[in-house]
Amino acid sequence: MHSTIVKTDALVLKSLKYGDTSKIVTFYTKEFGKLTAMAKGVRKTSAKYGTALEPLSVVSLVLYHKNSREIQLVSECSTMRRFTALTEQFDVLTAALTLVELVYKTSHEEKNETLFHLLLGILEKLNSHPNSSPTLLLWFHFQLAEQLGFGFQLETCPLCRRPIQESSYRSHNPFVELARGGILCATCSSVDRPLQQLNRETLSLLRALLESDVHSATAISISASEHKELKILLHNYFRFHIEGWKPLKSERIFSAMAQ
Ligand SMILES: [Zn+2]
């Protein structure tokens, strides 16, 4: 079968040198989801694509595309958007690289326009609101889980289907149910279980995060201990739902720097 020429907007997730002059680049594309393509000879003339093949570039991509092929071929690639402010602060850049790595590791080779727009939207927001990067990163994890088919919900108890009400947890902290992505109601949480617990106070914060869009998420303030608690929850949640899940490289670097 012959290859067809296709055009799509894309975000560069990862870029590797290949041979003496080429690069192998993984994109998250609007039309095909995650896609890997070879850019031949691009390192011979350094100015050919400029920074278009570097991670975090939003590009207009033309490809020779063949369904039967794992690695496609880049025909043309031009930069549409660079998030220049992202590179100015180390922790913001780390947040951006973490979410790009997260998408690289978890997304599939199938079209998901919602995820494509989520990704561009959060990078745009990180670029304009660098101080909100810890909150935005938490927010994005929940959004991504939803797109990958294991969204977290706080509507009803996964065991008994009663509605979840923050005010009903008087003497017990709520338990987290990883398999079905929710928290147990006050009644089900009153029985001892071998499950992670969440502080009652963190529950309304979690609800605010889940109900926010990328704009309102920046207004949510999260304390260091709440942030830690939600990070542990997300780590366990992703580990439960994604085979071979490990802490991300960019996150490990960030934690090491923060100590
Ligand atoms: Zn229940």
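Everything quoted here is computed from the prediction, not taken from an experiment.

Peer 1: Kindly report on the overall build of the protein chain, identifying the contributing residues and their values.
Peer 2: A count of helical and extended segments in the protein chain gives seven helices and seven strands. Element order for the protein chain, N to C, with α for helix and β for strand: β-β-β-β-β-α-α-α-β-β-α-α-α-α. If you line up the protein chain on its principal axes, its C-alpha atoms span 65 × 40 × 30 Å. Per-residue burial over the protein chain gives 47% buried out of 259 residues. The average position of the 30 basic charges and that of the 25 acidic charges among the side chains of the protein chain differ by 6 Å.

Peer 1: Can you tell me about the coordination of the zinc ion, naming the residues and giving the values?
Peer 2: Protein coordination at the zinc ion: the donors are C157 (SG), C160 (SG), C185 (SG) and C188 (SG), at 2.3 Å from the metal. Around the zinc ion, the four donor atoms sit at angles spanning 102 to 115°, and that spread fits a shape best called tetrahedral. One chain supplies every donor for the zinc ion, spaced along it as C-x2-C-x24-C-x2-C. Judged by its relative accessible area of 10%, C188 falls in the buried class.

Peer 1: If you had to explain the pattern of salt bridges to someone new, which residues and values would you point to?
Peer 2: One pass over the full model with this rule turns up eight salt bridges. Between K23 and E54 there is a salt bridge, and its shortest N-O distance comes to 2.8 Å. Of the two residues, K23 is situated in strand β2 (residues 22-29) and E54 in the loop between β3 (33-39) and β4 (58-65); the sequence distance between them amounts to 31 residues. For K23, a relative accessible area of 12% gives the class buried. Here E54 falls in the partly exposed class, since its relative accessible area comes to 30%. A salt bridge links E177 to R180, with the shortest nitrogen-to-oxygen separation between them at 2.9 Å. Judged by relative accessible area, E177 falls into the buried class, the value being 12%. Classification of R180 as partly exposed rests on a relative accessible area of 48%. Several salt bridges converge on common partners, so that one network encompasses E31, K111 and E113.

Peer 1: Talk me through the confidence of the model for the protein chain; I want residue IDs and the actual numbers.
Peer 2: Confidence in the prediction for the protein chain averages 91 pLDDT; 94% of positions are at 70 or higher. Looking across the protein chain, the model is least confident in helix α7 (residues 249-258), with a mean pLDDT of 59, and most confident in helix α2 (residues 113-128), with 97.

Peer 1: An account of the domain arrangement of the protein chain is needed here, citing residue identities and associated values.
Peer 2: As far as domains go, the protein chain holds domain 1 (4-82) and domain 2 (113-258). Using only C-alpha atoms to locate each centre, domain 1 and domain 2 end up separated by 33 Å. Taken residue by residue, the interface counts 10 residues in domain 1 and nine residues in domain 2. Of the roughly 790 Å² buried between domain 1 and domain 2, counting both surfaces, carbon and sulfur atoms make up 73%. Contact with domain 2 buries area across many residues of domain 1, yet Y28, K30 and R81 alone supply 60% of it, more than any other trio. Joining domain 1 to domain 2, the criterion identifies one salt bridge. Our count for the domain 1 to domain 2 interface comes out at one residue pair in polar contact (both at pLDDT 80 or more). Looking at the side of domain 1 that touches domain 2, the elements with two or more residues in it are β1 (4-18) and β2. With four residues, β1 is the single largest residue contributor to the side of domain 1 that touches domain 2. Among the residues forming the side of domain 1 that touches domain 2, the class breakdown is six nonpolar, one polar and three charged.

Peer 1: Please provide a residue-by-residue account of the packing of helix α1 (residues 90-106) against helix α3 (residues 133-148), values included.
Peer 2: The N-to-C vectors of α1 and α3 enclose an angle of 10°; their axes lie 10 Å apart at closest approach. If you check the angle between α1 and α3, you find them roughly parallel. Every residue of α3 that contacts α1 at V92, A95, T98, L99, L102, V103 and T106 is listed here: S133, L137, F140, H141, L144 and L148. When grouped by side-chain class, the residues that make up the contact of α1 with α3 number nine nonpolar, four polar and no charged.

What counts and what doesn't
For every chain, the first residue of the written sequence is number 1, and numbering continues from 1 onward in sequence order. Reporting of local features is limited, given that this is a predicted model, to residues whose pLDDT is at least 70; pairs of side-chain atoms are given and counted only at 80 or more, and all residues count toward the totals for whole chains, interfaces and linings. Hydrogens and water are ignored here; the side-chain numbers use all heavy atoms of the structure. In DSSP terms, a helix is any run of H or I states spanning at least four residues, a strand is any run of E spanning at least two, and both are numbered starting from the N terminus. Partly exposed describes any residue whose relative accessible area lies between the buried limit of under 20% and the exposed limit of over 50%, with all areas from a 1.4 Å probe on protein chains only and scaled to the type maximum. By the counting scheme adopted, Arg and Lys are positive, Glu and Asp are negative, and His together with the chain ends is not counted. For this purpose, a charge sits on NZ of Lys, CZ of Arg, CG of Asp or CD of Glu. Sites may look incomplete, because water is not among the atoms used; the donor set itself consists of N, O and S atoms within 2.8 Å of the metal (3.2 Å for Na, K and Ca). Think of it this way: with four donors and all angles in the 85 to 135 degree range, the site is tetrahedral; with four or six donors, opposite ones beyond 155 degrees and the rest between 65 and 115, it is square planar or octahedral; otherwise it is irregular. Any carboxyl oxygen of Asp or Glu within 4 Å of a side-chain nitrogen of Lys or Arg constitutes a salt bridge here. Residue-level confidence of the predictor, termed pLDDT, takes values from 0 up to 100. Domain extents, as shown, originate in an automatic or database domain assignment. Note on contacts: a residue pair is in contact if any heavy atoms of the two residues lie within 4.5 Å. Here the buried area means the combined drop in accessible surface, using a 1.4 Å probe, for two parts upon being joined, counting both sides. Polar contacts, as used here, are pairs of N or O atoms within 3.5 Å; protein pairs need one atom able to donate a hydrogen and one able to accept it. Residues neighboring in sequence count only if both atoms are side-chain atoms. Here the term charged refers only to Asp, Glu, Lys and Arg, the term nonpolar to Ala, Val, Leu, Ile, Met, Phe, Trp, Tyr, Cys and Pro, and the term polar to all other amino acids, Gly among them. Throughout, an axis means a line fitted to C-alpha atoms (over the contacting stretch in the case of helices), and angles, computed between N-to-C directions, take values from 0 to 180 degrees. Any angle between 65 and 115 degrees counts as roughly perpendicular, while under 35 counts as roughly parallel, over 145 as roughly antiparallel, and the rest as oblique.

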